[in-house]
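Geometric and topological summary
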There are 2 protein chains.
Amino acid sequence: MREIKIGMLGFGTVGTGVVRVLRENEQEIMAKTGAKLCLKTVLVRDAKKKRPYMEGLHLTEDIEEILSDEEIDIVIELLGGIHPAREYMLRAMGKGKNVVTANKDVVAQFGKDMFETMEKHGVDFHFEASVGGGIPIVMPLKQCLTANRVTEIMGIINGTTNYMLTQMTENGSDYDSVLKEAQEKGYAEANPAADVEGLDAARKIAILASIAFNTRIRFEDVSVEGITHITPPDIDYAKTLGYVVKLLAIGRDLGERGVDVRVHPVFLPKGHPLASVNDVYNAIFVRGNAIGEAMFYGRGAGSLPTASAVVADVIDIARDMQMDTFGRVHCTCYANKSLCPIEETEASYYVRLLVDDKPGVLAAIATAFGNHKVSMKSVIQTRRCQDKAEIVAITHRVKHRALEEAAVDLRSLAVVSEVRSIIRVENMQEENGSC
Amino acid sequence: MREIKIGMLGFGTVGTGVVRVLRENEQEIMAKTGAKLCLKTVLVRDAKKKRPYMEGLHLTEDIEEILSDEEIDIVIELLGGIHPAREYMLRAMGKGKNVVTANKDVVAQFGKDMFETMEKHGVDFHFEASVGGGIPIVMPLKQCLTANRVTEIMGIINGTTNYMLTQMTENGSDYDSVLKEAQEKGYAEANPAADVEGLDAARKIAILASIAFNTRIRFEDVSVEGITHITPPDIDYAKTLGYVVKLLAIGRDLGERGVDVRVHPVFLPKGHPLASVNDVYNAIFVRGNAIGEAMFYGRGAGSLPTASAVVADVIDIARDMQMDTFGRVHCTCYANKSLCPIEETEASYYVRLLVDDKPGVLAAIATAFGNHKVSMKSVIQTRRCQDKAEIVAITHRVKHRALEEAAVDLRSLAVVSEVRSIIRVENMQEENGSC
């Protein structure tokens, strides 16, 4: 039986998972692949450090030991971050090695380079694990849904923030205490910015939208807003109104109006398939003109789930090697679509204001909205305290620019003490199978 | 650009969808495939009949026009049923043509023949649309989850019964009236047996379990029980106890105890990811030793969703043809696992009895259960009418044989007028990522 030799860069959480999966499912993988996958060399920072599952593995601190090893046909990159991961992957492909990566940063920012290098050197470049952990989504989009014109892709693709929002919803906790709890459980980093500010989700939706809409979307193209301003009253109002608060990554192909890609919290109707995706689970919802709605659900992170995706990519390459073929599925960004500026995007909005509790206030607010053609679907006035009241308005669908301008006017009104929150409301579209 | 010519057998609901998808997404498909897919000839029973979307298509009543046409490289089979679909597919492969089918009957009963013929003649045989309509599940199992040892696959894979049970749950309707309604809406056939008796789901789980567990499971190997005996009181008790009633298709690899594959109604905990899959939607839940839990959700039937899967298979073959390769992913039934007899399977059970309303009855029932080592987790006694009462017991996990034997004893007790229902209770297992 043919032996396919693998080099791995990095031996952290995911790397350990890869070693376990290759070892513990060895028999099954051989039977399915018709080849023996051998992890020959692993790049680490400190080759002397003891680690779990290291028995029998050759560790090195020298990248050349992998890049110059002609026996190694597949390189798994698990270093994360841009440098030196990107350079190592480019060099590996330059030497005719196939590359599998879980690196969302490189794919979201330098995807184009990677694919061009892949095609130039006649190798495979796979990155299923870069989005949604173990959830199969890259191959399903590139292959299973390829007969569709995808018009929408929407996901809960950051486990940390989903865990935090779930806790806030279920236990009424506030932001700071759930962040602390998430950090204690290891779900959030000491510096949680990448997660709570939506940057991690933005990188992932850039990758997904590029595949779904067949046009290159980079990280910089994504409008991003995190969850740091979400408060218990917002969570409560959402519940009262029949919604849950989720951090959604959204991509929409609006045709002539361009491609709209963004990350922000939303009020999601309780009946939406994504609304019941809780805790650290991820899910990606896709709307295509043939399939209608589809959803992919699972663990978006973790050692073994992510390794599941990494090893599947390795097996895919091994199958290609057995058939002596490569690059069966090309880079699918054949189109060059424009971006829809965030100001031109449309949504309903939830707007919460602290106002003077006196006659005429509602009229003043309605006028401020009306001056920018923002009409209100519903208004709740509650939570009086002393001489102040809270007003919560849900608007009809309006352009983001109009809402922003109305907000400026609201802030300038003497009767408005504070614009406490503005959150988009995602309404369910019913447009299945509209080929 | 290369033209790939296709013959299609059948021009019903799904065939119409295929024509629409190929036509309306033509540009995208060409860009992704690098080839032009041309539907050359369509086999119909009556070539003179007017049909939507037939303009520009060559219809024939003669199968030889397709099978003997050397230009045709791909045959899409949408006739359904065993005869003559199976013979036509075998003959097409015999002539070196690749085959795509949505035919669950043939794959579930004669999968082995089909794969052997495929390998013998060096062609591709794809069947994504045979299970779960448009939902990608065959490729995800064969490729994306291939690094896993799959231990469980569980699905709501019959839209008709899921629609009926959803209506019974939401509106309190009884079985006969929801069946009538489903028939009026076109969700159920005039003869609904294949759906309501679980046979359709059994064919699909035979296919899924074969792929998931890498061993041939045929339709005849699946234990089947339908939903015809589900009554409004069962639905009500389920709600009270925190469950919903679903028709589940379940496959489990129990290791040395064999493979357990069955279709039957269950009480499913409301928090289970499958519990909120309603109406005609389908979903398939998979547990693997690396990925933990994953779920695939979407429309399990319908013209365009099913066509989405059929055309994806066609594109997959077109990509193989472009690379001059085939059979990249072999038949994955390399193992030969034994079946676990239904009597040896284990579950909790919900048992509803009509009994005399007098002292000592509960003791008699508990004794009948206890004699077969069936212990009760909870008991509710309600709905007294005249001198009768209803007792609802939820048992601990027991072997099916023990429960059946206890039921025989219960029926023979003088104080038990009727064993009204016995339904399995599916409890959530928490064994994620246990590689």
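Keep in mind it's a predicted model, so treat the numbers as computed, not measured.

Let us look at the pairing of strand β2 (residues 35-43) of chain B. Put simply, side chains in a regular strand alternate between the two faces of the sheet. All names here are of chain B. Of all nine residues in β2, seven are buried; the element is thus mostly enclosed. Where strand β1 (residues 2-9) lies against β2, eight bridges are found, and the strand directions are parallel. By the bridge assignment for β2, Gly-7 is matched with Thr-41. Direction of pairing for β2 relative to strand β3 (residues 58-60): parallel, over a ladder of three bridges. Note on β3: the bridge partner recorded for Val-42 is Leu-59.

Let us look at the packing of helix α4 (residues 85-94) of chain A against helix α5 (residues 104-121) of chain A. Residues and elements named next belong to chain A. The geometry of α4 relative to α5 is characterised by a closest axis approach of 9 Å and an angle of 10° between their N-to-C directions. Taken together, the axis directions place α4 and α5 in an arrangement best described as roughly parallel. In the crossing of α4 with α5, the sense of the turn from one axis to the other is right-handed. Residue-level inspection shows Arg-86, Met-89, Leu-90, Met-93 and Gly-94 of α4 in contact with α5, the latter providing Val-106, Phe-110, Asp-113, Met-114, Thr-117, Met-118 and His-121.

Pairs of aromatic rings are described using the distance from one ring centre to the other and the angle between the two planes. All names here are of chain A. Summed over all chains, the structure comprises 17 aromatic pairs over all chains. Here the aromatic rings of Phe-115 and Phe-127 are separated by 5.7 Å at their centres, their planes lie at 65°, and the arrangement is edge-to-face. A residue pair is termed long-range when its members are at least 10 positions apart, and Phe-115 in helix α5 and Phe-127 in the loop between β6 (125-126) and α6 (138-144) qualify at 12 residues. Taking relative accessible area as the criterion, Phe-115 reaches 6% and is therefore assigned buried. Residue Phe-127 is classed as buried on the basis of its relative accessible area of 4%. Summarising the aromatic geometry, the rings of Tyr-237 and Tyr-350 are spaced 6.3 Å apart at their centres and angled 50° between planes, so their arrangement reads as tilted. Here Tyr-237 is found in helix α11 (residues 232-240), whereas its partner Tyr-350 is found in strand β13 (residues 346-356), with 113 residues between them in sequence. Judged by relative accessible area, Tyr-237 falls into the buried class, the value being 6%. A relative accessible area of 0% places Tyr-350 in the buried class.

With that settled, the discussion passes to a negative patch on the surface. Residue and element names in this part refer to chain A. Taken together, Asp-46, Glu-61, Asp-62 and Glu-65 make up a surface patch of like negative charges. With respect to the helices, strands and loops of the structure, Asp-62 is situated in the loop between β3 (58-60) and α3 (64-67). With a relative accessible area of 37%, Asp-62 lands in the partly exposed category.

Residues and elements named next belong to chain A. For helix α8 (residues 175-184), the set of buried residues is Tyr-175, Val-178, Leu-179 and Ala-182. One side of α8 carries all its buried residues, which in axial view fall inside an arc of 105°. Seen from the open side of α8, the exposed residues pointing more than 90 degrees away from its buried face are Asp-176, Lys-180 and Glu-184. The inward-facing, buried residues of α8 contact α7 (159-171) and α9 (193-196). Where α8 ends, the next residue or the one after it, Gly-186, has phi of about 85°, a positive value.

Attention shifts here to helix α13 (residues 361-371) of chain B. Think of an α-helix as 3.6 residues a turn; residues three or four steps apart then line up on the same face. Residue and element names in this part refer to chain B. For α13, the complete set of buried residues consists of Val-361, Ile-365, Ala-368 and Phe-369. Burial along α13 is one-sided: seen end-on, the buried residues are contained in an arc of 95°. Taken from the residues just after α13, Lys-373 is the one with a positive phi, measuring 60°.

With 56 residues of chain B at the interface, the matching set in chain A holds 56 residues. Of the roughly 5,100 Å² buried between chain B and chain A, counting both surfaces, carbon and sulfur atoms make up 55%. Summed over the shared surface of chain B and chain A, the result is two salt bridges. Note that Glu-28 of chain B and Arg-149 of chain A form a salt bridge whose closest N and O atoms lie 2.8 Å from each other. Counting every contact that joins chain B to chain A gives 22 residue pairs in polar contact (both at pLDDT 80 or more). Of all the elements in the fold, those that place two or more residues in the side of chain B that touches chain A are α1 (13-24), α2 (26-33), α6 (138-144), β12 (292-299) and α12 (303-323) of chain B. The element best represented in the side of chain B that touches chain A is α12 of chain B, accounting for 10 residues. Residue composition of the side of chain B that touches chain A, by class: 28 nonpolar, 16 polar and 12 charged. Where strand β12 (residues 292-299) of chain A and β12 of chain B come together, five bridges link them in antiparallel fashion. If you follow Ala-294 of chain A over to β12 of chain B, its bridge partner there is Gly-298 of chain B.

Let us look at the nonpolar core. Phe-125 of chain A together with Phe-125 of chain B are the most contacted members of the largest nonpolar core, which totals 157 residues. In contact with Phe-125 of chain B, other than residues within four places in its own chain, are Met-89, Met-93, Val-99, Thr-101, Val-107, Met-114, Phe-115 and Met-118 of chain B. One finds Met-54, Ile-74, Leu-78 and Val-310 of chain A within the second-largest nonpolar core, a separate group that totals 35 residues.

Relative to the assigned elements, Met-168 of chain B resides in helix α7 (residues 159-171). In this structure, the C-alpha to C-alpha distance between Met-168 of chain B and Thr-231 of chain B, residues 63 residues apart in sequence, is 8.6 Å.

All names here are of chain A. Taking strand neighbours across the sheet as the criterion, the six strands line up as β3-β2-β1-β4-β5-β6 in an open arrangement whose pairing is parallel. If you trace the sheet from one side to the other, it starts and ends with β3 and β6, each paired once. Sheet topology places strand β4 (residues 72-77) next to strand β5 (residues 98-101); four bridges connect them, and they run parallel. When the sheet's bridge partners are listed, Val-75 is paired in β5 with Val-99.

Residue and element names in this part refer to chain A. Residue Pro-84 follows His-83 across a cis peptide bond; omega there is 0°. In this model, Asp-279 sits at a positive phi of 55°, which is unusual for a non-glycine residue. Along the chain, Asp-279 turns up in the loop between β10 (259-269) and β11 (281-288). Taking the relative accessible area as the measure of exposure, Asp-279 reaches 31% and is therefore partly exposed. Even without being glycine, Asp-324 reaches a positive phi, approximately 60°. Mapped onto the elements, Asp-324 comes out in the loop between α12 (303-323) and β13.

This part covers the pattern of salt bridges. All names here are of chain B. Inspection of the entire model under this criterion finds 66 salt bridges over all chains. Asp-200 is the salt-bridge partner of Lys-204, the closest N and O atoms lying 2.8 Å from each other. Placement of both Lys-204 and Asp-200 in helix α10 (residues 199-213) is noted, with a separation of four residues, approximately one turn of the helix. Exposure remark for Lys-204: the relative accessible area of 8% places this residue in the buried category.

Overlaying chain B on chain A yields an RMSD of 0.0 Å, the required transformation being a rotation through 180° with an accompanying axial translation of 0.0 Å. The two molecules are tied by a two-fold rotation axis, judged by turn and shift. Every residue of chain B has its C-alpha some distance from the rotation axis, and the shortest such distance is that of Phe-296 of chain B, at 2.4 Å.

Here we take up the pairing of strand β9 (residues 243-253) of chain B. Residues and elements named next belong to chain B. Within β9, 11 of the 11 residues are buried, leaving the element largely enclosed by the surrounding structure. A two-sided burial pattern is seen for β9, the buried positions comprising Tyr-243, Val-245, Leu-247, Ala-249, Gly-251 and Asp-253 on one face and Val-244, Lys-246, Leu-248, Ile-250 and Arg-252 on the other. Here β9 hands over to strand β10 (residues 259-269) after five residues, with Gly-255 in that stretch at a positive phi of 70°.

All names here are of chain B. It is at 5 Å that the axes of α1 and α2 come closest, and there the two elements cross at 75°. One finds that α1 runs roughly perpendicular with respect to α2. Along its contact with α1, which presents Val-21, Leu-22, Arg-23 and Glu-24, the element α2 presents Glu-26, Glu-28 and Ile-29.

All names here are of chain A. Residue position: Ile-82 is located in the loop between β4 and α4. Owing to a relative accessible area of 17%, Ile-82 belongs among the buried residues under this scheme. Expressed as a C-alpha distance, the spacing of Ile-82 and Cys-340, which sit 258 residues apart in the sequence, is 27 Å. Ile-82 has contacts with Glu-87, Asp-105, Val-106, Gln-109 and Phe-110, leaving out every residue within four places of it along the chain.

Thresholds, definitions, all that
Residues numbered from 1 in each chain as written. Chains lettered and ligands numbered in written order. Predicted model: local features only at pLDDT ≥ 70, side-chain atom pairs only at ≥ 80, totals over all residues. Heavy atoms only, no water. Buried < 20%, exposed > 50% of the residue type's maximum accessible area, 1.4 Å probe, protein only. Helix = DSSP H or I, 4+ residues; strand = E, 2+ residues; numbered from the N terminus. Pairing = 2+ DSSP bridges. Axes fitted to C-alpha atoms, helices over the stretch in contact; angles between N-to-C directions. Parallel < 35°, antiparallel > 145°, perpendicular 65-115°, else oblique. Left-handed = near helix turned anticlockwise from the far one by under 90°. Contact = heavy atoms within 4.5 Å. Phe/Tyr/Trp six-rings, centres within 6.5 Å; stacked < 30°, edge-to-face > 60°. Patch = residues over 30% accessible without salt bridge, like charges linked within 9 Å, V, L, I, M, F, W, Y side chains within 5 Å. Areas by Shrake-Rupley, 256 points an atom, 1.4 Å probe, with all protein chains shown as cover. Salt bridge = Lys/Arg side-chain N within 4 Å of Asp/Glu carboxyl O. Lys, Arg positive; Asp, Glu negative; His and termini not counted. Charge placed at Lys NZ, Arg CZ, Asp CG, Glu CD. Arc of directions from axis to C-beta. Buried area = accessible area lost by both parts, 1.4 Å probe. Polar contact = N/O pair within 3.5 Å; in protein donor to acceptor, adjacent residues only side chain to side chain. Nonpolar A, V, L, I, M, F, W, Y, C, P; charged D, E, K, R; others polar. Core = buried A, V, L, I, M, F, W, Y, C linked by side-chain atoms within 4.5 Å. Least-squares fit on C-alpha atoms with pLDDT ≥ 70 in both.

That is the geometry; function is a separate question.
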